[in-house]
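Structure assessment
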Amino acid sequence: MKKVIYKVLFTVLLLVFGLAGKAQAVQFDLVVLPTEIFNVCDNYFCFPEPSEIAANYVIQNINSYKYMSALSLAEVRAKMEENPQLKAETQNLLKTYEETEKIDFQALDQISQAFGVKSVIIISCYAITDRSATRRGLWEVLEISSAFKITYPFNLTTTAVLTDNVNNVVMWSSKYNKTVSDSNGYFLALNQAQAASHLEKIKQYFRNNVAQNISQNVHLRFFPKDVRTFTPPSANNAKDSGNEALNNGGQFMPNALEKLSPPKSLKDFDDENKDNNNSSNSDDFIFEF
């Protein structure tokens, strides 16, 4: 009889401590907003926008983390369609960020309240050439290149920013640059098959490089103790990351989190964009493509 009582008590204690542990767990919900979220591709002859491709992979990665979640882009669009005013404000917010990289925290506050989140990730992509600083969409560049058979390469720039909409600060931001061309310096598509090939390369770049980098840095801001950081591997092993970096010359840094940049105010973020328009944060995990 005593053994039965002890087993029951032991089971109750396990349940109590288990529930207490779950009650203490903090859930972080986010909204990911690519600047072209409303440019929906609905036929075979158009491609999803690069910022949307990156956002989908980031959402997928975030939802794989424990105690973190992000709505799908379809869910975000559906919510926006229910509130035309919120949709219009979101469009203005994303257009301003895409053109100037400035953040409207007032609009973000309304988005946060509508979705019940405290943080938003904004992702933008644009292409430029060494002959022109005009920002264009990647597929617009591909169309122009193919029409006029322009052979010089293009630079695809992706920017990402994580905001804290309670305190109106930038928790983290980074910029990624990728030269878009083949080994001969071409970026044009004379038929649908060639264009589809470019699309698959872009998807691979975002999946294996940019999305992993963004996701890990976002996760790092909420759960710093769960992320193992390493010194960069040697130049000969620049393509390695994670455990591979450790095995190929990278060393574990127990105090690496102390080197992280603190959250930035809106003014600091704008000033940094003016002074370092082409630079990226040094505390990022680097994935070479």
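Cut-offs used in this document
- Residues numbered from 1 in each chain as written.
- Predicted model: local features only at pLDDT ≥ 70, side-chain atom pairs only at ≥ 80, totals over all residues.
- Heavy atoms only, no water.
- Salt bridge = Lys/Arg side-chain N within 4 Å of Asp/Glu carboxyl O.
- Helix = DSSP H or I, 4+ residues; strand = E, 2+ residues; numbered from the N terminus.
- Buried < 20%, exposed > 50% of the residue type's maximum accessible area, 1.4 Å probe, protein only.
- Expected span 1.5 Å × (residues − 1).
- Bend = angle between axes of the 7 residues up to and from the residue.
- Polar contact = N/O pair within 3.5 Å; in protein donor to acceptor, adjacent residues only side chain to side chain.
- Pairing = 2+ DSSP bridges.
- Phe/Tyr/Trp six-rings, centres within 6.5 Å; stacked < 30°, edge-to-face > 60°.
- pLDDT = per-residue confidence, 0-100.
- Contact = heavy atoms within 4.5 Å.

What follows deals with the pattern of salt bridges. On inspection of all chains with the given rule, the structure shows five salt bridges. For the salt bridge of R77 with E52, the shortest nitrogen-to-oxygen distance reads 3.0 Å. Pair noted here: R77 is in helix 3 (residues 73-82) and E52 is in helix 2 (residues 50-64), with a separation of 25 residues, a long-range link. Across this residue pair, the class does not change: R77 and E52 are buried. Note that K87 is salt-bridged to E81, the shortest N-O span being 2.7 Å.

Taking 1.5 Å of rise per residue, the 31 residues of helix 7 (residues 192-222) would be expected to cover 45 Å, and the 43 Å separating its terminal C-alpha atoms lies within 8% of that figure. Approximately 40° is the largest bend angle found in helix 7, and it occurs at F206. In this structure N191 caps helix 7, since a side-chain oxygen of it lies 3.2 Å from the backbone nitrogen of A193.

Moving on to the pairing of strand 6 (residues 169-180). Of all twelve residues making up strand 6, nine are buried, and the element is well covered by its neighbours. Pairing geometry for strand 5 (residues 154-164) and strand 6, over eleven bridges, is antiparallel. Looking at strand 6, one finds that F154 is bridged to V180. Where strand 5 folds back on strand 6, the antiparallel hairpin that results is connected by four residues, among which N168 adopts a positive phi of roughly 55°.

With that settled, the discussion passes to the packing of aromatic side chains. Taken as a whole and assessed by the stated rule, the structure comprises five aromatic pairs. Relative to F223, the ring of F28 lies with its centre 5.3 Å away and its plane at 80°, an arrangement referred to as edge-to-face. Here F28 is found in strand 1 (residues 28-34), whereas its partner F223 is found in the loop between helix 7 and helix 8 (243-247), with 195 residues between them in sequence. F28 gets classed as partly exposed once you look at its relative accessible area, which sits at 24%.

In terms of burial, strand 1 is largely enclosed, as five of its seven residues are buried. In terms of strand pairing, strand 1 meets strand 2 (residues 68-70) through three bridges, oriented parallel. Bridge pairing in strand 2 places F28 opposite M68.

The next thing to look at is the confidence of the model for the protein chain. Of the residues in the protein chain, 67% have a pLDDT of 70 or more, and the chain-wide mean is 76. At the low end of the mean pLDDT range in the protein chain sits helix 8, at 41; at the high end sits helix 2, at 95. Here residues 277-289 is modelled with pLDDT under 50, and outside its nearest four sequence neighbours on either side it reaches 43 contacts, counting other chains as well.

Right, let's get into unusual backbone geometry. Unlike most non-glycine residues, E101 shows phi in positive territory, near 60°. The topology assignment puts E101 in the loop between helix 4 (84-100) and helix 5 (105-115). Judged by its relative accessible area of 4%, E101 is buried. The phi angle at N168 is positive, at roughly 55°, despite the residue not being glycine. Residue classification places N168 among the partly exposed positions, given a relative accessible area of 36%.

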